[in-house]
Structures are given as structure tokens and as C-alpha cells.
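# Coordinate inspection notes
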Amino acid sequence: MKSAVIVFPGSNCDRDMAVALEQATGAKPQMVWHRETELPDGLGLIALPGGFSYGDYLRSGAIGANSPIMREVKAAADRGVAVLGVCNGFQLLTEAGLLPGALLRNAGIDFICRDVALTVASSQTAFTSRYAADEAITIPVAHHDGNYFADADTLDRIEGEGRVAFRYGESVNGSARDIAGIVNEAGNVLGMMPHPERMIEPAHGGTDGKRLFDGLVEALS
Amino acid sequence: MKTRIHVTLKNGVLDPQGKAIHHALESLGFDGVNDVRQGKLIELDLDESVSDDDIEAMCRKLLANMVIENFEIERDHSEAA
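Residues numbered from 1 in each chain as written. Chains lettered and ligands numbered in written order. Predicted model: local features only at pLDDT ≥ 70, side-chain atom pairs only at ≥ 80, totals over all residues. Heavy atoms only, no water.

### Brief notes about the interface of chain A and chain B
Using the following cut-off: Contacts were defined at the residue level, with two residues in contact if any of their heavy atoms lie within 4.5 Å. The term buried area means the drop in 1.4 Å probe accessible area that two parts suffer when joined, counted for both and summed. Salt bridges are identified by distance alone: a Lys or Arg side-chain nitrogen within 4 Å of an Asp or Glu carboxyl oxygen. We call two N or O atoms a polar contact when they sit within 3.5 Å, provided that within protein one can donate a hydrogen and the other can accept it, with sequence-adjacent residues counted only if both atoms are side-chain atoms. Put simply, DSSP H or I for four residues or longer makes a helix, DSSP E for two residues or longer makes a strand, and each gets a number counted from the N terminus. Residue type decides the class: Asp, Glu, Lys and Arg count as charged, Ala, Val, Leu, Ile, Met, Phe, Trp, Tyr, Cys and Pro as nonpolar, and the leftover types, Gly among them, as polar.
At the junction of the two partners, chain A supplies 14 residues and chain B supplies 16 residues. Taking both partners together, chain A and chain B bury about 1200 Å²; carbon and sulfur atoms supply 69% of that area. At the surface where chain A touches chain B, the tally comes to one salt bridge. Residue Arg59(A) pairs with Glu69(B) through a salt bridge whose shortest N-O separation is 3.6 Å. Run the count over chain A and chain B and you get four residue pairs in polar contact (both at pLDDT 80 or more). Only β5 (102–104) and β8 (147–149) of chain A provide two or more residues apiece to the side of chain A that touches chain B. Here the side of chain A that touches chain B is built from residues that sort into seven nonpolar, four polar and three charged.

### Focus: the nonpolar core
The criterion, for reference: For this analysis, a nonpolar core means a set of buried residues of the types Ala, Val, Leu, Ile, Met, Phe, Trp, Tyr and Cys, connected via side-chain atoms within 4.5 Å. Accessible area is worked out with a 1.4 Å probe on protein chains only. A residue is then buried under 20% of its type maximum, exposed over 50%, and partly exposed in between.
The biggest cluster of nonpolar side chains holds 66 residues, and the ones touching the most others in it are Ile6(A), Ile46(A), Leu84(A), Tyr148(A), Phe166(A), Leu190(A) and Phe213(A). Discounting residues that sit within four places of it in the chain, Ile46(A) has contacts with Ala4(A), Ile6(A), Leu39(A), Val73(A), Ala76(A), Val81(A), Ala82(A), Val83(A) and Leu84(A). By size, the runner-up hydrophobic cluster in this structure holds 12 residues, among which are Ile5(B), Val7(B), Leu44(B) and Ile55(B).

### Things to note about the sheet that holds strand β1 (residues 2–9) of chain B
Residue and element names in this part refer to chain B. Going by this rule: Any two strands are treated as partners once DSSP identifies two or more bridges connecting them. What counts as an axis is a line fitted to C-alpha atoms, over the stretch in contact for a helix, and the angles between N-to-C directions run from 0 to 180 degrees.
Spatially, β2-β1-β3 is the arrangement adopted by the three strands of the open sheet, whose pairing is antiparallel. A single partner strand is all that each edge strand has here, and the edge strands are β2 (40–45) and β3 (69–76). Between one strand axis and the next, the sheet turns by 20 degrees as a mean value, whatever way the strands run. Relative to β2, β1 runs antiparallel, the two sharing six bridges. Counterpart to Lys 2 in the pairing with β2 is Asp 45. Taken strand by strand, helix α2 (residues 52–63) contacts β1, β2 and β3, and its axis lies near 150 degrees from that of β3.

### Quick notes on the packing of helix α1 (residues 14–25) of chain A against helix α5 (residues 210–220) of chain A
Residue and element names in this part refer to chain A. So the rule is basically this: Our angle categories are set so that under 35 degrees counts as roughly parallel, over 145 as roughly antiparallel, 65 to 115 as roughly perpendicular, and the remainder as oblique. Handedness of a crossing follows from how the near helix is turned relative to the far one, being left-handed for an anticlockwise turn of less than a right angle and right-handed for a clockwise one.
Running from N to C, α1 and α5 cross one another at 50 degrees; their axes reach a closest spacing of 9 Å. The angle between α1 and α5 places the two elements in the oblique class. Relative to α5, α1 is oriented so that their crossing is right-handed. Contact with α1, carried on its side by Met 17, Ala 20, Leu 21, Gln 23, Ala 24 and Thr 25, involves Lys 210, Phe 213, Asp 214 and Val 217 of α5 and no other residues of that element. Looking at the contact of α1 with α5 residue by residue, the class counts come to six nonpolar, two polar and two charged.

### Focus on α1(A)
An α-helical turn contains 3.6 residues, so a residue and the one three or four places further along point in the same direction. Residues and elements named next belong to chain A. The test is simple: What a helix should span is 1.5 Å times the count of its residues minus one. By definition, the arc is the one covered by directions from the helix axis to the C-beta atoms.
For α1, spanning 12 residues, the distance from its first C-alpha to its last is 16 Å, which sits close to the expected 16 Å at 1.5 Å a residue. Within α1 the residues assigned to the buried category are Asp 14, Met 17, Ala 18, Ala 20, Leu 21, Ala 24 and Thr 25. Along the long axis of α1, the arc covered by the buried residues comes to 165 degrees, so they all point the same way. Looking at the buried side of α1, the elements it contacts are β1 (2–7), β2 (30–33), β3 (43–48), β4 (82–86) and α5. Just downstream of α1 lies Gly 26, where phi reads positive at about 80 degrees.

### Some thoughts on the sheet that holds strand β11 (residues 189–192) of chain A
Residue and element names in this part refer to chain A. Strand order in the open sheet formed by nine strands is β2-β1-β3-β4-β11-β10-β9-β6-β7, with mixed pairing between adjacent strands. Both edges of this open sheet fall to β2 and β7 (136–143), since each of them pairs with a single strand only. Neighbour-to-neighbour, the strand axes of this sheet turn through a mean angle of 25 degrees, independent of strand direction. Relative to β3, β1 runs parallel, the two sharing four bridges. Counted as the bridge partner of Lys 2 is Leu 43 from β3. Of the strands in this sheet, β3, β4, β7, β9 (164–168) and β11 are in contact with α5, which crosses β4 at around 170 degrees.

### Focus on α5(A)
Residues Leu212(A), Phe213(A), Asp214(A), Gly215(A), Leu216(A) and Val217(A) constitute the buried set of α5(A). As for α5(A), its buried residues are in contact with α1, β3, β4, β9 and β11 of chain A.

### Brief notes about the pairing of β2(A)
Residues and elements named next belong to chain A. Definition in use: When the strands point away from the viewer, a crossover counts as right-handed if the route from the first strand across the helix to the second turns clockwise.
One ladder, built from four bridges, connects β1 with β2; its direction is parallel. Paired with Ala 4 across the strands is Gln 30, a residue of β2. A crossover links β1 with its parallel partner β2, the connecting element being α1, and its sense is right-handed.

### Focus: the state of the cysteines
All names here are of chain A. Note the threshold: The disulfide definition used here is simple: a pair of cysteine sulfur atoms within 2.5 Å.
Scanning all chains against the criterion turns up zero disulfides over all chains. Here Cys 87 is not cross-linked by a disulfide; its sulfur's nearest cysteine counterpart is in Cys 13, at 6.5 Å. When its relative accessible area of 5% is taken as the criterion, Cys 87 is described as buried. Not engaged in a disulfide, the cysteine Cys 113 finds its nearest cysteine sulfur in Cys 87; these two sulfurs lie 9.6 Å apart.

What follows is the structure, given as C-alpha cells:
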């Protein structure tokens, strides 16, 4: 399966994401600069990596969400192509309107960089098929603006539709209803603050992130 | 023509930066500060041809995130060159 990683000025997890995608798909992803106006043909998966696109100026993800390639990412998502946004990628997806809500400054103000306990809230998405429902897993976070916010109606809706993929299993950043990752209505776009690409081999301290990529590739094949 | 955009967090949206400023003011000994909310001030230098609707669109599309923020437009025609 062909995959791509979108690279913004200030992305810093793009190469980690590329390693994870190559491990899962067996092929190197194409690295696509954000100024491009076209995506490669035949993509099955697009990843928006972590980092600090445009230095988090204005709001995290706000400037990058208006980069030329994001029009194509939106169009691809509308066609059903899988889109995975991690950390700054999640912020980009909310700013671009592909996912509801927003990521606010962490409730405790501190930048948080450590392994955190997560619970798999839904194993019914294409991204979480290799996990058991309610399974406890460990994946690192590294963010300043990870405090998920949406109004109560939106939260009720995404919870009611089973669109919460991951929740924090401990107090992390003040996120509404402990939400760590959500999917869009069609289920082909996932945004999450934790970094699954940083937990894909034993040397990372665990492989809980690897199953996300393996399960996704299996679901898309 | 200078136009100022005031971007503020909506009521009910947590503002940890405002809270930190509040605590700092208290530790400096300033009494009577009930709450602090931090926002942004964005100054635009615009041609007269830019309409109010255009500015509103700029705010909605980029300058403010309507999920969490409100904006106020302060347009000063007096400085027109």
C-alpha cells in the first residue's frame, strides 16, 4: 500500500512516522512538502506528523492547516483515503475542520513528555482493530497543547457515535472526558495526541503503537 | 488603515495562562484581582478597499478559532493615508 507523510516547516516526527509506515506497509512512504498542490497517485494512507508546524504561531496547527497540500488532504479524506494525524497532526486536523473540537494549552501549563497510560475506547475503527476494547496500553506523549476541547453537544455526539478511539488512563492534560484520540464521522480520519510511532519496537520500551499501524494496513488492504 | 482584531477565549474555555498570570499578580502583592483571561491583539494594516465582510472572513477562517475563541474588530478609519 502506498503511503505519504506530509512535511511542514517545523515538523519533527516526520522521519519517525516514515519508519513506522515503512515497517507496517513494507514500502517507503513518499515525503510530501506542504507547499505541493498535488498528492502522489494511488495513496491508501496519509500521515500528518508531530512537531511544531510554523512554530505553533497563532495557534498550534493554524497556519499549516491552510497550506496548499491540505486542500488535497481534505479531498482525499472525502474520497475515503485514511488520514492519521499524530500530535501536531491532530492539531492540524482540528484546525482544518477534518475533526471537531480544538486542542488547548495543557491544563497544568507544562509541556508534557513521557509515557502515558491509555485505554482503547473503541476497537471498532480501522485504526484500532488490533486492540481489544478497553485494553490498557502505553504510548508516549510530547505536547504543550493537548487539552482536547469541544462543546458538550459535540462531546456527546462523538461519544455516542463511538468515535473516541483512545482515552487517557491517567491525568495528563485536562482533556475533556479524557479524550486522547478521535475519528471522523466516516471513520477514515484519526487524530491523536500520543505518538504511536514512538512505540513500535522493543528498544522503544514497548510495541503498543505498532499494532495501530499493522492493524490499519491490514484493514486497508 | 489600522485595524485591530481582539481575539479572546470564549467563556468556559480553560485559560491556564491567564491563571498563571493571576497567580503571579497575587504573589507580587496585587490584591483585588478576581480573574485574568489572556487573549491576542492582532494589528492589520489594510487598504481602504478591504471590506468589513473581508475582515470578518479573515477572522473566521484564520485569525480566530471559532470553536474556542471570539473576536472583535476595531477599525480606525482616521489613520487613512
